[in-house]
Amino acid sequence: MALRLDPFLDERAEGKLGLIGGGGEATVFFDGANQQVIKLFAPPCKAAFGWIAEAGPGGQWQLRPGALDEALERFALFESLFSSGLEVETVGQSGDFLTLSQPFIAGGHPEASQLDSWMQAHGWTRWQPPATLDMLRHLTWRRGPHLATDVRPENALVSASDGVLRPIDFVVALVK
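Residues numbered from 1 in each chain as written. Predicted model: local features only at pLDDT ≥ 70, side-chain atom pairs only at ≥ 80, totals over all residues. Heavy atoms only, no water.

**Remarks on the overall build of the protein chain**
Across its full length, the protein chain carries three helices and 15 strands. Taken over C-alpha atoms, the radius of gyration comes to 16 Å for the protein chain, in line with the 16 Å a tight globule of 176 residues would show. Overall size of the protein chain, expressed as C-alpha extent along the three principal axes, is 50 × 40 × 25 Å. Long-range contacts, defined as pairs at least 24 residues apart, comprise 46% of the intrachain contacts of the protein chain with a sequence gap of at least 6. If you sum the accessible surface of the protein chain, you get close to 9,200 Å²; carbon and sulfur atoms cover 54% of it. Averaging the positions of the 14 positive and the 21 negative side-chain charges in the protein chain gives two centres separated by 6 Å. (Helix = DSSP H or I, 4+ residues; strand = E, 2+ residues; numbered from the N terminus. Rg over C-alpha atoms; globule rule 2.2 N^0.38 Å. Contact = heavy atoms within 4.5 Å. Areas by Shrake-Rupley, 256 points an atom, 1.4 Å probe, with all protein chains shown as cover. Lys, Arg positive; Asp, Glu negative; His and termini not counted. Charge placed at Lys NZ, Arg CZ, Asp CG, Glu CD.)

**Quick look at helix 2 (residues 112-121)**
Within helix 2, the full set of buried residues consists of Leu-115, Trp-118 and Met-119. An end-on view of helix 2 places all buried positions within 100° of arc, on one side of the element. Every exposed residue of helix 2 that faces more than 90 degrees away from the buried side is listed here: Ser-113, Gln-120 and Ala-121. Where the residues of helix 2 are buried, they touch helix 1 (68-82), strand 11 (141-143), strand 12 (146-149), strand 13 (156-159) and strand 14 (165-167). (Buried < 20%, exposed > 50% of the residue type's maximum accessible area, 1.4 Å probe, protein only. Arc of directions from axis to C-beta.)

**Regarding unusual backbone geometry**
If you check the backbone angles, Gln-35 has positive phi at about 50° while not being a glycine. Residue position: Gln-35 is located in the loop between strand 3 (27-31) and strand 4 (36-41). Among the residues examined, Gln-35 registers a relative accessible area of 29% and is labelled partly exposed. Even without glycine at this site, Ala-48 takes up a positive phi of about 55°. In this structure, Ala-48 sits in the loop between strand 4 and strand 5 (51-55). By relative accessible area, Ala-48 is classed as buried at 15%.

**Comments concerning the environment of Leu-17**
Topologically, Leu-17 is positioned in strand 2 (residues 17-22). Along the sequence, Leu-17 and Leu-100 sit 83 residues apart, while their C-alpha atoms lie 14 Å from each other. When sequence neighbours within four positions are dropped, the list of residues in contact with Leu-17 reads Phe-29, Phe-30, Asp-31 and Ile-38.

**Notes on the pattern of salt bridges**
One pass over the structure, following the stated rule, counts ten salt bridges. In this structure, Arg-64 and Glu-70 form a salt bridge, with 2.3 Å as the shortest nitrogen-oxygen distance. Judged by its relative accessible area of 23%, Glu-70 is partly exposed. We note a salt bridge from Arg-152 to Glu-154, for which the minimum N-O separation is 3.4 Å. The network of salt bridges with common partners includes Glu-54, Arg-64 and Glu-70. (Salt bridge = Lys/Arg side-chain N within 4 Å of Asp/Glu carboxyl O.)

Next up, the structure:
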């Protein structure tokens, strides 16, 4: 079994999955048998199927809970931009939940300066879109027509095996 980022969470295992945690978007489990992280999106959670970043009325950027089809588009865009191994595992028969998987990465979160350097090295520049939400104003990057927000150390990992920084959970969108 791989080393977990938070080993104390092993005590909260349910069946073959161990609960890692959850945020505003998903409940996250560790599947040790397959060395994967499983993300469960199930409305009525706060973000429905995940946050959608978009320019709203008056050009102000905002986040809103996404519908299933929007979430699938966002996750496909994330994977095309960051190649994290993110895959759709299950869509509930009634469209009432979604599970995604990503390879488990033993390691730690980068320092903020390391993440900033990585983003710059990959062609991203800081961008402050007009927004009332602090996260959008201070944690957003842009590369061409693409935006990545919620770019913070907690949403990236540095692999213990090879030292490579890997984004795992940014909110991405197209700037129109």
